[in-house]
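For reference, the chains in residue letters:
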Amino acid sequence: SNPFNGDYDDPNHPGCLRQVKVVGAPIKADGSRPLYAIVEVTGYDGKEGETTCKDRPTRGDLWKVTGKTKGKEEAFLDFSSKGGPADVVGKWDGSGIVFPDGNKWTKLNYAPKNRRPEDMSTLSEGPL
């Protein structure tokens, strides 16, 4: 399994959902897999004007960014849908994802249910 898969703590948005899924790369016509796998990041930044998440989000509150991985050490993410850069490189450092601005999302060893919408069963729950 890819080390990027899982739930994370983002110090810029304490208690908020940060889930990373590496969904694999589609098999090419010749039967081989491309070098890059697809990455999906689902998140929630809290209610307007708040810096921490104290409530469960609804599905409509969630944002999603996509990207791709190269191996198990780098993810190339497109944050343009959130007003950020389109080519952010997140590096796996053994315990989380480090971004170019110095922010680090620390990987959790569990999936906190209270960070997900109550009706969202497609996001994993419980211990990893």
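Residues numbered from 1 in each chain as written. Predicted model: local features only at pLDDT ≥ 70, side-chain atom pairs only at ≥ 80, totals over all residues. Heavy atoms only, no water.

What follows covers the state of the cysteines. Summed over the entire model, instances satisfying the criterion amount to one disulfide. Across the disulfide, C16 is cross-linked to C53 (sulfur-sulfur distance 1.9 Å). On the sign convention where negative is left-handed, the bridge of C16 and C53, at about 95° about the S-S bond, is right-handed. Residue C16 is found in the loop between β1 (6-9) and β2 (18-24), and its partner C53 is found in the loop between β3 (36-43) and β4 (63-70); the two are separated by 37 residues along the sequence. Judged by its relative accessible area of 13%, C53 falls in the buried class. (Disulfide = S-S within 2.5 Å. Helix = DSSP H or I, 4+ residues; strand = E, 2+ residues; numbered from the N terminus. Buried < 20%, exposed > 50% of the residue type's maximum accessible area, 1.4 Å probe, protein only.)

Here D7 shows up in strand β1. A polar contact is formed between the side chain of D7 and the side chain of R116, at a distance of 2.9 Å. (Polar contact = N/O pair within 3.5 Å; in protein donor to acceptor, adjacent residues only side chain to side chain.)

As far as function goes, none of this settles anything; it's purely spatial.
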